[in-house]
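# A closer look at the structure
For reference, the chains in residue letters:
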Amino acid sequence: MDTDALTAGLLQELRAAKPYPALSLTMPTHRSAPDNAQDAVRLRNLLSEAGNRLEADPAVTREARTAIRQQLDRAVGELDQRRALDALVLLATAEEYQIWRLPRTAPERVVLSDSYLTRNLVAAKAQAQPFWALTVSSDHAALYSGTADSAQEAHVGGFPLAAPHWDPNPQRVERIGDTPSNFTNEDTRNFLRDVDEKLRAVLATDPRPLYLVGLAPALALFDEVGESAKGAAGRVTKGAPAENSGPGDLLTELRPALEARRERFAAEIDGKLDEARGRRAFAGGLDEVWAAVREGRAGLVAVEEHYQQTVRVDQEHLKPVGADSADLTDPDVREDIVDELVEAALDNGADVVFVADDSLKEHGRVAAALRF
């Protein structure tokens, strides 16, 4: 699965307590050759480590050990190297396995616990900044799940939707010049009301920025008859029916709107951090922000997109260490502290945003506006 599949409900299921052991395996991967040649070797080594850990753990029964190994074998058999992104996460219990591909790197880890390790999934989801895009016409509506890098049609909430076929009776269809207009008959209005109702249900379950794509009359009528369009982050008015676009074309058409929102968003975050500095409710740098997050004082956490740091926890303070020299078997060493910080911040109700690299350079790559 990709990170756009990580809804709040699914995350809750992943974090739920499971019969010990729930195994989580994470590793960096590569999107293309020749670098991806090393991924298979790295995975074999981690699977061997996982087997050794299962064998050495007295709390793991022979039956559970065998079942989990079988689940991992099934997961490996399903892997498609051509779909690799920047990290791979394998989750397995005796009853199931899950494969996650992340657009954000993750360290090599094998964890046995009573729940799955989710911090890498959560951080990747936050960084990806997923959005919904609705393509709408008088008789068809499709919903797309997208990130800056990809978009695919989403079969959720009843989408895609097609209007019932109606007879364009002259008494029922008003005319614009000599051309019947579907945008003025009641069947179209009812269809778009149904689209709006289903879209609002999707947004309530998985809130994301919404972009609208379609002919000008379709977007105007959708605005008129519904509620969901009012909060749209952007819209693209097309000169051809929206359903003629594929996911690749759609992402190209959305690019200017996505970039415009990104610029507005960056300016908004800068303003919030400036305001926090003015009222002395600001934390900058990994150690300060980590403390604020743990105490539940962070209301907004901003992190540079590609910031990663290995640290040693020393009397509740974080001391950066070189990734090459770090002893990753030391329980006080945290290789993925940034992802851990992101997950903790979200758990405590903070907003987490990823900003351009070097935009927080003077504040140690990470900053927070505090609640108190």
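The present account deals with the structure reproduced in this document. What you are looking at is a predicted structure, and each value in this text was computed from that prediction instead of being measured.

## As for the nonpolar core
One broad trend across soluble globular proteins is that nonpolar side chains are buried collectively. By size, the foremost hydrophobic cluster in this structure holds 41 residues, and its most contacted members are Leu14, Trp100, Leu286, Val289, Val301, Val303 and Val342. For Leu286, the residues in contact, after removing those within four places along its chain, are Tyr307, Gln309, Val311, Leu318, Ile337, Leu341 and Val366. Counting residues in each nonpolar core, the second largest holds 22 residues, with Leu161, Leu210, Leu219 and Phe222 among its members.

## Quick word on the sheet that holds strand β3 (residues 97-102)
Judged by pairing direction, the sheet is antiparallel, and its four strands sit side by side in the order β3-β2-β1-β4 without closing on themselves. Each edge of the open sheet carries a strand with a single partner, namely β3 and β4 (109-113). Strand after strand, the sheet turns through a mean of 15 degrees between neighbouring axes, direction not considered. As paired elements, strand β1 (residues 22-28) and strand β2 (residues 87-92) share six bridges and run antiparallel to each other. If you follow Ser24 over to β2, its bridge partner there is Leu91. Contacting β1, β2 and β4, helix α2 (residues 37-56) crosses the sheet at an angle of about 155 degrees to β1. Along the sheet, helix α4 (residues 119-128) makes contact with β1, β2, β3 and β4, crossing β3 at roughly 40 degrees.

## Describing the pairing of strand β5 (residues 131-136)
Across a regular strand the side chains alternate sides, sitting on one face of the sheet and then on the other. Among the six residues in β5, six count as buried, and that is most of the element. Side chains Phe131, Ala133 and Thr135 of β5 all project onto a buried face; the interleaved residues Trp132, Leu134 and Val136 project onto the opposite face, where all are buried too. Pairing of β5 with strand β6 (residues 140-146) involves six bridges; the strand directions are antiparallel. Bridge assignment links Leu134 to a residue of β6, and that residue is Leu143. Between the end of β5 and the start of β6, which pair antiparallel, lie three residues. In terms of strand pairing, β5 meets strand β11 (residues 210-215) through five bridges, oriented parallel. Across the sheet, Leu134 pairs through a bridge with Leu212, a residue of β11.

## Description of the sheet that holds strand β14 (residues 298-304)
Read across the sheet, four strands follow the order β13-β19-β14-β18 without closing on themselves; strand pairing throughout is mixed. Strands with a single pairing partner mark the edges of an open sheet, and in this sheet they are β13 (282-284) and β18 (351-355). The mean inter-strand angle of the sheet, taken between neighbouring strand axes irrespective of direction, is 15 degrees. Of the pairings in the sheet, the one linking β13 to strand β19 (residues 366-370) comprises three bridges and is antiparallel in character. Within β19, the position partnered with Ala283 by the bridge is Ala368.

## Some remarks on the environment of Thr310
Locating Thr310 in the fold gives a position in the loop between β14 and β15 (311-314). For the pair Thr310 and Glu335, spaced 25 residues apart in sequence, the C-alpha separation works out to 4.3 Å.

## Overview of the packing of aromatic side chains
Summed over all chains, the structure comprises one aromatic pair. Between Arg277 and the ring centre of Phe282, over which it is positioned, the NZ or CZ distance is 5.0 Å.

## Focus: the pattern of salt bridges
Going through the model one piece at a time under the given rule, you end up with 30 salt bridges. Among the ionic pairs, Glu108 bridges to Arg42, the shortest N-O distance being 2.5 Å. Of this pair, Glu108 sits in the loop between β3 and β4 while Arg42 is found in helix α2, placing the two residues 66 residues apart along the sequence. What makes Arg42 partly exposed here is its relative accessible area of 21%. Of the charged contacts in the structure, one is a salt bridge between Asp206 and Arg208, with a shortest N-O distance of 2.9 Å. Here Asp206 and Arg208 have matching classes, each one buried. Sharing partners across several salt bridges, the network here consists of Arg109, Arg119, Arg334, Asp336 and Glu340.

About the thresholds
Residues numbered from 1 in each chain as written. Predicted model: local features only at pLDDT ≥ 70, side-chain atom pairs only at ≥ 80, totals over all residues. Heavy atoms only, no water. Core = buried A, V, L, I, M, F, W, Y, C linked by side-chain atoms within 4.5 Å. Buried < 20%, exposed > 50% of the residue type's maximum accessible area, 1.4 Å probe, protein only. Contact = heavy atoms within 4.5 Å. Pairing = 2+ DSSP bridges. Helix = DSSP H or I, 4+ residues; strand = E, 2+ residues; numbered from the N terminus. Axes fitted to C-alpha atoms, helices over the stretch in contact; angles between N-to-C directions. Phe/Tyr/Trp six-rings, centres within 6.5 Å; stacked < 30°, edge-to-face > 60°. Lys NZ or Arg CZ within 6 Å of the ring centre and 35° of its normal. Salt bridge = Lys/Arg side-chain N within 4 Å of Asp/Glu carboxyl O.

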